[in-house]
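Here's the letter readout for the chains.
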Amino acid sequence: MEALKSMASQKLKKPSPIQKAQPPVFALRVLELILPREIKDQLIGDLYEEFAEEESSAGAKNASQWFWKQTVKESAYWILRERTSALARTLVSVFYICLLLVILLMSEFVIQIEGEIVILGLILILSLMFLVVSRNKDGLSDLLVFLVHREADMSRSRMLKVSNLLRSIRNTTSVFCSAFIIVLLAAFLNPIFSIWEFPIGQFLTGLSTLTSLHSAAFIAILTLYEEKVQQKLNYRDSAYFEMEAEIV
Amino acid sequence: MTKELRLGEFELLVLLAIIRLGDEAYGASVKRLLAKEINRDVSIGSLYSTIDRLQSKELISSIEGEPTPIRGGRAKSFLKITRKGETAVRLSKSNLTTMWKGLSINGGSEVNG
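Now for a description of the structure that goes with this document. (Residues numbered from 1 in each chain as written. Chains lettered and ligands numbered in written order. Predicted model: local features only at pLDDT ≥ 70, side-chain atom pairs only at ≥ 80, totals over all residues. Heavy atoms only, no water.)

This next bit is on the overall build of chain B. A count of helical and extended segments in chain B gives four helices and two strands. Starting at the N terminus, the α and β elements of chain B follow one another as α-α-α-β-β-α. Looking at chain B residue by residue over its 113 residues, the buried ones come to 39%. Put simply, of all contacts in chain B between residues at least 6 apart along the chain, 51% involve residues at least 24 apart. Within the structure as shown, chain B displays about 6,700 Å² of accessible surface, and the carbon and sulfur contribution to it stands at 51%. (Helix = DSSP H or I, 4+ residues; strand = E, 2+ residues; numbered from the N terminus. Buried < 20%, exposed > 50% of the residue type's maximum accessible area, 1.4 Å probe, protein only. Contact = heavy atoms within 4.5 Å. Areas by Shrake-Rupley, 256 points an atom, 1.4 Å probe, with all protein chains shown as cover.)

Time to look at a nonpolar patch on the surface. Among the surface-exposed residues, L96, W100, L103 and I105 of chain B lie close enough to one another that they form a single nonpolar patch of about 340 Å² accessible area. Relative accessible area serves as the criterion here: at 47%, I105 of chain B is assigned to the partly exposed category. (Patch = residues over 30% accessible without salt bridge, like charges linked within 9 Å, V, L, I, M, F, W, Y side chains within 5 Å. Salt bridge = Lys/Arg side-chain N within 4 Å of Asp/Glu carboxyl O.)

This paragraph deals with the pattern of salt bridges. All told, the structure shown has 14 salt bridges over all chains when counted by the stated rule. For R32 of chain B, the salt bridge goes to E49 of chain A, with nearest N and O atoms at 3.4 Å. Taken as a pair, R32 of chain B in helix α2 (residues 27-38) and E49 of chain A in helix α4 (residues 37-58) lie in two separate chains rather than in one. Accessibility expressed as a relative area gives 8% for E49 of chain A, which makes it buried. The residue E58 of chain B makes a salt bridge to K84 of chain B at a minimum N-O spacing of 4.0 Å. Of the two residues, E58 of chain B sits in the loop between α3 (44-56) and β1 (60-68) while K84 of chain B sits in helix α4 (residues 83-100), which places them 26 residues apart along the sequence. Under the relative-accessibility criterion, E58 of chain B is labelled exposed at 53%. The exposure class of K84 of chain B is partly exposed, given its relative accessible area of 28%.

Before going further, it helps to spend a moment on the interface of chain A and chain B. Each partner contributes residues to the interface: chain A has 21 residues there, and chain B has 20 residues. Between the two partners, chain A and chain B, sit seven salt bridges. The partner of K31 of chain B in a salt bridge is E50 of chain A, and the shortest N-O contact between them spans 3.3 Å. For the interface between chain A and chain B, the tally reads 12 residue pairs in polar contact (both at pLDDT 80 or more). Put simply, the parts of the chain that give the side of chain A that touches chain B at least two residues each are α2 (17-20), α4 and α5 (60-82) of chain A. The biggest single contributor to the side of chain A that touches chain B is α4 of chain A, with 13 residues. Counted by class, the side of chain A that touches chain B contains 10 nonpolar, two polar and nine charged residues. (Polar contact = N/O pair within 3.5 Å; in protein donor to acceptor, adjacent residues only side chain to side chain. Nonpolar A, V, L, I, M, F, W, Y, C, P; charged D, E, K, R; others polar.)

In this section: unusual backbone geometry. Residues and elements named next belong to chain B. Phi is positive for N39, which is not a glycine, with a value near 55°. Mapped onto the fold, N39 is located in the loop between α2 and α3. We note that E58 has phi near 60°; this positive angle belongs to a residue other than glycine.

In this section: helix α3 (residues 25-34) of chain A. Residue and element names in this part refer to chain A. Along α3, the residues that are buried comprise A27, L28, L31 and I34. Along α3, the residues classed as buried sweep out an arc of 140° about the axis, all on the same side. Those residues of α3 that are exposed and angled more than 90 degrees off the buried face are V25, F26 and L33. (Arc of directions from axis to C-beta.)

Printed below as a string of structure tokens:
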């Protein structure tokens, strides 16, 4: 019995391969942050397994280097595969913020010319559109196909993508338009902050008014197009059901 | 032939590896088998994106195993080919055999599938 106990305790004391070395903690955190939730556990588990093999054949230092190499490789792969749209969105957002800063810095020179404000309003709307569109690149290419060739043969899922894209652009523009209207109302109704008395205030008020008008026109056009896409979808659905009825 | 049953080259290899491995098929073992048998060292990421695609086509299914210390306390996801997957593999083999029949490359002898 004693012999058995001592054997058991010796077995317990013997370190398992996983206790000898662990993959770099920071690399693990990077993977946990970047990998998609659905495959995160399986993929990290597989890398753990390979790390243990690498460690027993090439040593802890080489295994650690190998793990880092895999982390960089996998992170780059999943960023490019899954998060390209997020990357594009971030870049567009940075561009948009820079553009606003430039507008604010140049406002003193621009305030004299009304035409410039109209163009800036349009730029704001277009930037906003790009923000939304960069999230849905497939939808954008299908939307362009739809605009150029109305009768193009598109699958139902692609048509739905176009419809969803139009809806999201319209919704975002509506929010944008509402925000500008609220800013305008707040500026006019508040007697303490009479911002339109200053050049920058006049510029912002002008820009808000014109952007709201542009947005309203844009929303009207989008609604029209949405209806057209919906009509096409309905037509396809009815044609499909007729065909199915014929087969039955 | 439905679209889901058409297989790409790597999809077919992954399905064949899953069949070969039987109850022991999961990401790392599929990767090891591909490296050992056909000397193809694939990134685990591209393997998982193929597995994901095969699952969405319902050609394979997965069952979660128990978490193990060697995997840092993470569970294995065992892969199993479905009936639809088997049909796709058979169809792919038959298509390849048909296309190879009577074909010779660079004046070599006839290649039989």
